[in-house]
Amino acid sequence: KNQVEQSPQSLIILEGKNCTLQCNYTVSPFSNLRWYKQDTGRGPVSLTIMTFSENTKSNGRYTATLDADTKQSSLHITASQLSDSASYICVVHPLNDNYGQNFVFGPGTRLSVLP
Amino acid sequence: DAGVTQSPTHLIKTRGQQVTLRCSPKSGHDTVSWYQQALGQGPQFIFQYYEEEERQRGNFPDRFSGHQFPNYSSELNVNALLLGDSALYLCASSLAEGAWNQPQHFGDGTRLSIL
């Protein structure tokens, strides 16, 4: 069964610190892996999309890495800001899903950044 | 450029009632997907509409139905509401062409509470 697991479930860090969120998946084969940020009460917003052949993708202070051999991805946040407080969702897109109907969503990691 | 808009933002219903949620996709997008997101969990795929037809359906009962209009906007209807239907309902739009490698754009959702 295609699954995406994320760890930790929740994380609290101080403003200015770095952190890394983990994503493990069983989806195989897959075409790409996505990270979304979801603020409380809002819809998810795309941060990065990496194809199976990419190892890293950056978006400002967000850097995602992908190891397709171990089926792991991480999202590293540098110099955290209060506005980074949100849930971060890892999503894997199976291969041959041409219309985007079968995304496999993780449960998310809830990040709280304190002043 | 307007993004994905959903209405209403909040809704309170009682068991057994029926509800209709609405979604306008991002300008230029022709595909609309609906998701149910329970508190603390990732979104679960309900169904996807393209060219006014349901293209694929997730593991949801027939009480959940939808429609897409010629202008690509969409509605989600839920009949015979149950307490378990309480959730955030998200609409995501995309362009069918190249959907496999493009981010989905989410609205901010409709928070449905069943009493």
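Refer to the structure above for everything that follows.
Residues numbered from 1 in each chain as written. Chains lettered and ligands numbered in written order. Predicted model: local features only at pLDDT ≥ 70, side-chain atom pairs only at ≥ 80, totals over all residues. Heavy atoms only, no water.

**Looking at the nonpolar core**
Judged by nonpolar contacts, the single largest core of 24 residues is most densely connected at Val4, Tyr25, Leu33, Trp35, Leu75 and Tyr88 of chain A. Elements with a contribution of two residues or more to this core: strand E3 (19-25), strand E4 (30-38), strand E5 (45-51), strand E7 (62-67), strand E8 (72-77), strand E9 (86-94) and strand E11 (109-114) of chain A. (Core = buried A, V, L, I, M, F, W, Y, C linked by side-chain atoms within 4.5 Å. Buried < 20%, exposed > 50% of the residue type's maximum accessible area, 1.4 Å probe, protein only. Helix = DSSP H or I, 4+ residues; strand = E, 2+ residues; numbered from the N terminus.)

**Some details on the state of the cysteines**
All names here are of chain A. Following the criterion strictly, the structure yields two disulfides over all chains and no others. Sulfur-sulfur distance for the disulfide between cysteine 23 and cysteine 90 comes to 2.1 Å. Across the disulfide from cysteine 23 to cysteine 90, rotation about the S-S bond amounts to roughly -65 degrees, and the bridge is consequently left-handed. A residue pair is termed long-range when its members are at least 10 positions apart, and cysteine 23 in strand E3 and cysteine 90 in strand E9 qualify at 67 residues. A relative accessible area of 0% places cysteine 23 in the buried class. By relative accessible area, cysteine 90 is classed as buried at 0%. (Disulfide = S-S within 2.5 Å.)

**Focus on the sheet that holds E3 of chain A**
Residues and elements named next belong to chain A. Ordered in space as E1-E3-E8-E7-E6, the five strands form an open sheet in which the pairing is antiparallel. Two strands bound the open sheet, and with one partner strand each, they are strand E1 (4-7) and strand E6 (56-59). With direction set aside, neighbouring strand axes in the sheet form an average angle of 15 degrees. As defined by bridge partners, E3 adjoins E8 across six bridges and the pair is classed as antiparallel. Bridged to glutamine 22 within E8 is serine 74. (Pairing = 2+ DSSP bridges. Axes fitted to C-alpha atoms, helices over the stretch in contact; angles between N-to-C directions.)

**Topic: the pattern of salt bridges**
In the structure shown here, the tally under the stated rule is seven salt bridges over all chains. For the salt bridge of aspartate 39 of chain A with lysine 37 of chain A, the shortest nitrogen-to-oxygen distance reads 3.9 Å. What makes aspartate 39 of chain A partly exposed here is its relative accessible area of 31%. When the shortest N-O distance is used, the salt bridge between glutamate 75 of chain B and arginine 22 of chain B registers 3.4 Å. Residue glutamate 75 of chain B is located in strand E8 (residues 74-78), and its partner arginine 22 of chain B is located in strand E3 (residues 19-24); the two are separated by 53 residues in the primary sequence. (Salt bridge = Lys/Arg side-chain N within 4 Å of Asp/Glu carboxyl O.)

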